[in-house]
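Here are the chains, one letter per residue:
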Amino acid sequence: MANPFPRMLTKIDDLSIVHIEELCRTAFEFKQNAGAPIQFLNPPRFMTCLFLENSTRTKLSFERAAHSIGLTPIQFNPSTSSLNKGEELEETLFTLSQQGIEICIIRSSENEYWKHFSKDLKIKVINGGDGTNEHPSQALLDLMTLMECTENLEGKSLTIFGDSAHSRVAHSLVKLLRMIGLQIKLCGPLELVDMELISDNVIHTDNFDEGLESDFLYFLRVQGERLSVDQAEQSFQMMNNYGLSLERYEKLFHRPPVLHPGPVNLGVEIHKDFLRKKFKHPAGQMIHRQVENSIYMRMAILSAMLHRG
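All values derive from a computational prediction rather than experimental measurement.

Observations regarding the overall build of the chain
For the chain, the helix and strand inventory stands at 10 helices and 10 strands. Taking 19 Å as the expected radius of gyration for a compact globule of 309 residues, we find that the chain reaches 19 Å, a close match to that expectation. Projecting the C-alpha coordinates of the chain onto the three principal axes gives extents of approximately 55 × 45 × 35 Å. Residue burial in the chain is summarised as follows: out of 309 residues, 54% are buried. Look at the contacts in the chain between residues 6 or more apart in sequence, and 73% of them connect residues 24 or more apart. Accessible surface for the chain amounts to roughly 14600 Å². Of this, 48% is attributable to carbon and sulfur atoms. In the chain, 32 side chains carry a positive charge and 39 a negative one; their mean positions are 7 Å apart.

In structure tokens, the structure reads:
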């Protein structure tokens, strides 16, 4: 890349448009060559996932991506580590670095946890999601999936439905898609929408039918784990009028591609009948494609990290 890839990928703003274009190009190359023999790195190089919150898609896809490019993933369980004895996260990272771990993917409930790190920290860090702040690798794999739907995204429109107020995915996605030139709608009850995201090409609507009038539909779950029991219950009730069923989708004339970062609250933002439907046309339900593409985009991110030295 013309500019060195960042040593710490914590937010979308860490990337230039050149970085983003190169990541997408590399991810598509990896996908095109899927199944090629793995060339293990010699000497071996190591990465680990340090997840302080639960994960299926992000953690496993990073580990799968590491294997696919010959990078060796080392298992790390925070609940049985010195973090559980009160060790600070930064000290754990210094220890991992001394043990030869080159890249660490971190998920934390704390927003911008990296602000506490010193400049002496040599380990490379990828943000696997921090609180309600950002999730850059998810946004990048979503961009890859959108690119498979159309040749040119500039000027297209995308509606984000649901709880953008507590969604780290939404914050990264809005930043990224604005760089690409998409028009964005945030659709949902006002209480669940982050109005700080509103700008010249980001608008809000509480009308579900109006939200459906976009080239792409992107659904978010209610972040129940970040809310009190009462807040979560109220949020689920507010989302009653914003759920997508197969019947509702099939009434649409244009039937745009539908995405969701997962996991899905079935029957809330998306109904099971839609999620299990096998569409004959190339778009329709792209949620499983996102999971597939997560491996290739994260291969590209890890590869870019390795090549920066």
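What about the side chain of H166?
With respect to the secondary-structure elements, H166 resides in the loop between β6 (157-161) and α5 (168-180). Polar side-chain contacts of H166 include one of 2.9 Å to the side chain of D163. Here H166 is in contact with T132, Q223, R226 and L227, once residues within four sequence places are set aside.

What about the layout of surface pockets?
In this structure, the largest pocket spans a volume of roughly 450 Å³. Taken together, the elements giving at least two residues each to the lining of the largest pocket come down to α2 (57-68) and α5. Of the pockets and cavities examined, the second largest pocket occupies roughly 280 Å³. For the second largest pocket, the lining is made up of 15 residues, of which N33, G35, A36, S68 and M299 are closest to its centre. Elements with a minimum of two residues in the lining of the second largest pocket: α2 and α10 (287-307). Ranked by the residues each element gives to the lining of the second largest pocket, the list is headed by α10, at three residues.

Looking at the sheet that holds strand β10 (residues 258-259)
Sheet strands line up and pair through hydrogen bonds in the backbone, either parallel or antiparallel. Spatially, β8-β7-β6-β9-β10 is the arrangement adopted by the five strands of the open sheet, whose pairing is parallel. Single-partner strands in this sheet number two, and they are β8 (202-205) and β10. Relative to β10, strand β9 (residues 216-219) runs parallel, the two being bridged by two bridges. Across the sheet, the residue bridging to L217 is V258, located in β10.

Let's talk about unusual backbone geometry
Here the amide bond leading from N42 into P43 is cis, since omega sits at 0 degrees, within 30 degrees of zero. By the secondary structure assignment, P43 is in the loop between α1 (17-32) and β2 (46-51). The omega angle of the peptide bond from G262 to P263 is -5 degrees, so this bond is cis rather than trans. Secondary-structure assignment places P263 in the loop between β10 and α9 (272-275). Unlike most non-glycine residues, E112 shows phi in positive territory, near 50 degrees. Within the secondary structure layout, E112 lies in the loop between β4 (101-108) and β5 (124-130). Among the residues examined, E112 registers a relative accessible area of 28% and is labelled partly exposed. In this model, R255 sits at a positive phi of 45 degrees, which is unusual for a non-glycine residue.

Brief notes about the nonpolar core
Counting residues in each nonpolar core, the largest one holds 55 residues, and the members touching the most others are L23, I103, I105, I160, M297 and L302. Top element by residues in this core is α10. It accounts for 10 residues. If we skip the residues at most four places from it in the chain, L302 touches F62, A65, A66, I69, L71, I103, I105 and I126. Among the nonpolar cores identified, the runner-up in size contains 23 residues, and F208, Y242, L246 and I287 belong to it.

Some details on the packing of α2 against α10
Where α2 contacts α10, the axes come no closer than 8 Å and their chain directions differ by 55 degrees. When the interaxial angle is binned, α2 and α10 end up oblique. Crossing of α2 against α10: the hand is right-handed. Residues R57, T58, S61, F62, R64, A65, A66 and S68 of α2 form the contact with α10, whose own contacting residues are V291, S294, I295, R298, M299 and L302. Partitioned by chemical class, the residues of the contact of α2 with α10 number seven nonpolar, four polar and three charged.

Considerations on the packing of aromatic side chains
Each aromatic ring pair is characterised by the separation of its centres together with the angle its planes make. Going through the model one piece at a time under the given rule, you end up with six aromatic pairs. Summarising the aromatic geometry, the rings of F161 and F219 are spaced 4.4 Å apart at their centres and angled 10 degrees between planes, so their arrangement reads as stacked. Linking F161 in strand β6 with F219 in strand β9, this pair joins segments that are 58 residues apart in sequence. Of the residues examined, F219 reaches a relative accessible area of 0% and is grouped as buried. Ring centres of F208 and Y242 lie 6.2 Å apart, and the angle between their planes is 75 degrees; on these two criteria the pair is classed as edge-to-face. Separated by 34 residues along the polypeptide, F208 in helix α6 (residues 208-211) and Y242 in the loop between α7 (229-238) and α8 (246-250) bring together distant segments of the chain. Taken together, the ring pairs connect F161, F208, F219 and Y242 into an aromatic cluster.

Conventions adopted
- Residues numbered from 1 in each chain as written.
- Predicted model: local features only at pLDDT ≥ 70, side-chain atom pairs only at ≥ 80, totals over all residues.
- Heavy atoms only, no water.
- Helix = DSSP H or I, 4+ residues; strand = E, 2+ residues; numbered from the N terminus.
- Rg over C-alpha atoms; globule rule 2.2 N^0.38 Å.
- Buried < 20%, exposed > 50% of the residue type's maximum accessible area, 1.4 Å probe, protein only.
- Contact = heavy atoms within 4.5 Å.
- Areas by Shrake-Rupley, 256 points an atom, 1.4 Å probe, with all protein chains shown as cover.
- Lys, Arg positive; Asp, Glu negative; His and termini not counted.
- Charge placed at Lys NZ, Arg CZ, Asp CG, Glu CD.
- Polar contact = N/O pair within 3.5 Å; in protein donor to acceptor, adjacent residues only side chain to side chain.
- 1 Å grid on protein atoms, 1.4 Å probe; cavity = no way out; pocket = protein on both sides within 12 Å on 5 of 7 lines; lining within 4 Å.
- Points joined across faces, edges and corners; volume = space filled by probe spheres on them.
- Pairing = 2+ DSSP bridges.
- Core = buried A, V, L, I, M, F, W, Y, C linked by side-chain atoms within 4.5 Å.
- Axes fitted to C-alpha atoms, helices over the stretch in contact; angles between N-to-C directions.
- Parallel < 35°, antiparallel > 145°, perpendicular 65-115°, else oblique.
- Left-handed = near helix turned anticlockwise from the far one by under 90°.
- Nonpolar A, V, L, I, M, F, W, Y, C, P; charged D, E, K, R; others polar.
- Phe/Tyr/Trp six-rings, centres within 6.5 Å; stacked < 30°, edge-to-face > 60°.

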